[in-house]
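Structural features, examined
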Amino acid sequence: MKADVRGKNPSPTISSMQNPSLFTNSRSSISGAVLTGCLSSLDGACIEKLLLHCGSALESNDVTLAQQVMWVLNNVASAVGDPNQRLASYFLRALVSRASRVCPATMSFKAAGIPHRRLMSVTELAGYVDLIPWHRFGFCASNNAILDAVRGFRKIHILDLSITHCMQWPTLIDALGKEPECPPVELRISVLSWRPPTPPLLNIPIEKVGQRLVNFARYRDVPFEFNVIKVGGPVEEEETVVSSSFYDFLLSQLNATIVKVNVDEALVVNIQNWLRYLPDEETSLSDSSCDGIMSYRDSFLELVGRLSPCLVTVVDEDCDLGAQSGLASRIVSCFNYMWIPFDAFETFLPKDSPQRIEYESDIGHKIENIVGYEGAQRIERLESEGRLCRRMAAAGFMSVPFGEETVKEVKALLDEHASGWGMKKDEEGMLVLTWKGHNAVYAGAWVPYAPAFHQNNLLV
Amino acid sequence: MKRDRDRGKAAAAAASGKPNMWPEPQPDAGMDELFAVLGYKVKSSDMADVAEKLEQLEMAMGTTADDGVSVLADDTVHYNPSDLSGWVDNMLTELTGESSTPNFAGEDDLRAIAGGAIFDTTESDNGCKRMKAAEADVRSEFGENSSAVQQPRAVVVDSQETGVRLVHTLMACAEAVQQENMKLADALVKHVGLLAVSQIGAMRKVATYFAEALARRIYKIYPEEPLDSSLSDILQMHFYETGPYLKFAHFTANQAILEAFAGANRVHVIDFSLRQGMQWPALMQALALRPGGPPAFRLTGIGPPQPDNSDALQQVGWKLAQLAETIGVEFEFRGFVTNSLADLDAEMLEIRAGDEEETVAVNSVFELHQLLARPGAVEKVLDSIKAMRPKIVTVVEQEANHNGGAFLDRFNESLHYYSTMFDSLESDGGGGQDLMMTEVYLGRQICNVVACDGAERVERHETLEQWRARMGSAGFDPVQLGSNAFKQASMLLALFSSGEGYMVEERDGCLMLGWHTRPLIATSAWRIAAAEG
């Protein structure tokens, strides 16, 4: 490679200029971020490096450099190109959105980056859930674990904390209907009136969903009850004010009385793609009933433990994008993770499919929240499997490995879908859904150590 | 619109022996018509005195401002602005707490205050009536008690009205300059200074720069020492950081160049003003990521000589070479030091053909207009460009006609242009040193447009339409800037959300960036006309 610079040698005096930083990154903390020899095709690694370059520029407040990288990215990104290009276009949008805000808003606690969005019908929601096993994996693993855990109980009470509008339960109700019990097992499902402001969004209220479940259960001859636990004031689904006082209030509602825990019921707490919306920054909380410095997420888990459930199922996305990650590393992690659903959509849907555009756009909003915001406005706080396990242990839970039957069921489910999907089981007994080998979603089950462990901590 | 001016009829000598800067006035019996137009009833013969009072007032106001309380900054009551002398004097009284003359009683007072009759009793009825009416206004404001003027009373100036007055005064001054009525121009330029104090923000800054430029022209203190080019580069860097203008230029020109280079294995960019080379890293990065691998990239940078004989161009070249190595692009650099683009010819650039044939792009950002100061220069340069056989020529220029034959036209055009530009920068809220240095950068342009002439006046901006005609007759065809360039410009504007007044406009394949409805910068692209092969 020739770098022939003709002419006189440069003189010793160099006028000090602002921002020669796209030249050499001696100032930059991430000198490795300067792109090295991305030749030939514009693969994901190149885009990742560009994004990292932009992220570190924003982190170090070098707006000019960030803008120059954005100019380059604008030539790469395309909302109708291949998965990497599509992903790049959403990332670029998020970066522009972030860079354009003069000061990142810390005052308003509104969950950010969520304008009016399309509401699905139940049929569309069913189609969304069926397209790829992203959610059904968790449903299947959890439902099987639940059935194992509640065997022998006459009454089951499930506290359902999820974002998929009870799409998990028809299968469980069906399975209960098939069991040759006499008298039949009674099932009660409770949900909260609040749900995290994230897609998929449904065009009917949760009460109507509950009504449908009641009808379905009647059809399957399963005694069934559906409750909605009121938390927070009247809030629109799409515009939820998620302030710390809201979380305080939410947690205060998680006690045996309000949740209506009955001693003759087997209580299951089912947490699906929900835990990540609880803030994980460690702060000293206003609620003095929790000792010391904990995050809302930790406090929540403690409270769950005190309900003495016979099982806690947790399903979430396997990626670390929580409080501890700085912007640049978050961008990289997020890019590598979100590639998974984008690549899956590429496999199953045509380039110009409106459905695909919508699903990608939903992820795009997630990206905008992750990349574009900080503090309370950043509601998408994904946590990897490993970290979650440690968190559960610290909150006094013991993991319950999934049984062989469960594993079989999940495998059978995945066989219904294309061959790119796989599964692995780790030492702790958790299951992880994979796409082309990359970890996508994990599912785990826990029980509290000993009920006494929690009851010893005096609490309301 | 021209008026008949009594040029020779200037004020009588100042009543007092106080020194003033004005040239010896000539006797004049009537009112100055120009001032009358502005609504000021002042006799030319008394101008010296009025001017003196203006100076006093300025000093008094300045002191007041220093106290941290500038009464003039507020939109407060203002009475009878048309009575200039009375107004001035009342303000003086307010601020200094004492009347400029010891007596104040009756209709004659104002004349006495003015220090010499504004209006003689022999004055025409018309004038007298107006004066009396003015007096009546004044007195009704003050109330019955003649000593009411001594009462502390919130003064003074309606700043919005003063803003309008300010513009009018600037334009009147320019007209006076065009008429070569330098004494009047001098008085007006001072008045501008007075009015400018009551403004804030962009208006104040623009007025100050234009007043300074006018003063230079009036007193013939031009040209100001030319900045050495490293300082000039520093100023442009600050301009680069403030507001989207220079970034718009780079974003759009680079997009056109990137697209023109598609499929080429060897490319050569000729940059008519390399400066700090801020345009090129992004282009090089994009070329590096090109599917199929980057082309060999050659850059020829042109710049002015350095006062200390240092080789600024080579320094920039070295930095770019280092970047190129990091990103894996074969890179070559050559610098050309010259005072004028017209001194270059294509052969010097050694454009390569044959085996090493290179695709050439010529890039000119705010350079071509300077050539209009020398007859024949721009034609020569356009011919040289053709000899370089470029695939694309990118031109970015200020969208304004600051090169008209009449001084007044240039003045009014540039007043509007720079007011708009200063307004836009004010909105950015970036503040601090960048903004300040950007204002200095633009102030120098203002100074050049207003105070200079002949070969020294290099800021000869012309509109896109004018350049279109010139390029056309020089044998160039326009190249449409595509939708990608528009996308880039839109993204840039999204990044400047604080200045929501910015807008991008596409016009016949060119892109313009402006503030509200006024385009300020235009990017266009060209190639050699088909007929010329």
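Residues numbered from 1 in each chain as written. Chains lettered and ligands numbered in written order. Predicted model: local features only at pLDDT ≥ 70, side-chain atom pairs only at ≥ 80, totals over all residues. Heavy atoms only, no water.

**Section: the overall build of chain B**
Short version of the rule: Each helix corresponds to a stretch of at least 4 residues labelled H or I by DSSP, and each strand to a stretch of at least 2 residues labelled E; elements are numbered beginning at the N terminus. Only protein chains enter the area calculation, which uses a 1.4 Å probe; residues under 20% of their type maximum are buried, those over 50% are exposed, and those in between are partly exposed. Contact criterion: two residues are considered in contact whenever any of their non-hydrogen atoms come within 4.5 Å of each other. A 1.4 Å probe and the Shrake-Rupley method give the accessible areas. Residues count as covered only by the protein chains that appear here.
Scanning chain B from terminus to terminus reveals 18 helices and 9 strands. A total of 533 residues make up chain B; the buried ones form 59% of that total. Contacts spanning at least 24 positions in sequence make up 77% of the contacts within chain B whose residues lie at least 6 apart. Roughly 21400 Å² of accessible area belongs to chain B as shown, and the carbon and sulfur atoms make up 51% of that amount.

**Describing the pairing of strand E12 (residues 438-448) of chain A**
Residues and elements named next belong to chain A. What counts here: Note on pairing: DSSP must find at least two bridges between two strands before they are called paired.
Among the 11 residues that make up E12, 9 are buried, leaving the element largely enclosed by the rest of the structure. Alignment of strand E8 (residues 311-317) against E12, held across 6 bridges, turns out to be antiparallel. By the bridge assignment for E12, valine 314 is matched with glycine 444. Here strand E11 (residues 431-435) pairs with E12 via 5 bridges, running antiparallel. Bridge pairing in E12 places leucine 433 opposite valine 441.

**Let's talk about the nonpolar core**
Generally speaking, soluble globular proteins have nonpolar side chains that are buried together. Counted only if it meets this: We call a set of buried Ala, Val, Leu, Ile, Met, Phe, Trp, Tyr and Cys residues a nonpolar core when their side-chain atoms join them within 4.5 Å.
Ranked by internal contacts, the top residues of the largest apolar core, which has 200 residues, are Leu187(A), Ile367(A), Leu214(B), Tyr245(B) and Phe297(B). Here this core takes 11 residues from helix H11 (residues 327-348) of chain A, the largest share from any one element. If near-sequence neighbours (up to four positions away) are discounted, Ile367(A) is found in contact with Leu87(A), Tyr90(A), Phe91(A), Ala94(A), Cys334(A), Met338(A) and Gly372(A). If you look at the next biggest cluster of nonpolar residues, it comprises 35 residues, including Phe246(A), Trp274(A), Tyr296(A) and Val432(A).

**With respect to the side chain of Asn74(A)**
Considering the arrangement of structural elements, one finds Asn74(A) in helix H2 (residues 63-76). For Asn74(A), a relative accessible area of 9% corresponds to the buried category. Not counting the four nearest positions on each side in its chain, Asn74(A) is found in contact with Leu92(A), Lys487(B), Gln488(B) and Met491(B).

**Some thoughts on the pattern of salt bridges**
All names here are of chain A. Where we set the bar: We define a salt bridge as a side-chain nitrogen of Lys or Arg found within 4 Å of a carboxyl oxygen belonging to Asp or Glu.
As enumerated under the stated definition, the model contains 49 salt bridges over all chains in all. Here lysine 436 and aspartate 343 are joined by a salt bridge, their closest N and O atoms 2.7 Å apart. Pair noted here: lysine 436 is in the loop between E11 and E12 and aspartate 343 is in helix H11, with a separation of 93 residues, a long-range link. Taking the relative accessible area as the measure of exposure, lysine 436 reaches 48% and is therefore partly exposed. Residue classification places aspartate 343 among the buried residues on the basis of a relative accessible area of 8%. As a salt-bridge pair, lysine 408 and glutamate 405 come within 3.6 Å of each other at their nearest N and O atoms. Separated by 3 residues within a single helix, lysine 408 and glutamate 405 lie in helix H14 (residues 404-416), roughly one turn from each other. Looking at lysine 408, the relative accessible area reads 55%, which means it is exposed. The network of salt bridges with common partners includes Arg86, Glu346, Lys351, Arg356 and Glu360.

**Brief notes about empty space enclosed by the protein**
Residue and element names in this part refer to chain A. Definition in use: A 1.4 Å probe that fits but cannot get out identifies a cavity on a 1 Å grid over protein atoms alone, an open set with protein on both sides within 12 Å along at least five of seven lines counts as a pocket, and a residue lines either if it has an atom within 4 Å of a point. Grid points are joined across faces, edges and corners, and a volume is the space filled by probe spheres set on the points. Amino acids are sorted into nonpolar (Ala, Val, Leu, Ile, Met, Phe, Trp, Tyr, Cys and Pro), charged (Asp, Glu, Lys and Arg) and polar (every other residue, Gly among them).
Of the volumes computed, that of the largest cavity is approximately 310 Å³. Only helix H4 (122-131), H11 and helix H12 (354-372) provide two or more residues apiece to the lining of the largest cavity. For the lining of the largest cavity, the leading source of residues is H12, giving 4 residues. Looking at side-chain class alone, the lining of the largest cavity contains 14 nonpolar, 2 polar and 5 charged residues. Roughly 180 Å³ of internal volume is contained in the second largest cavity.

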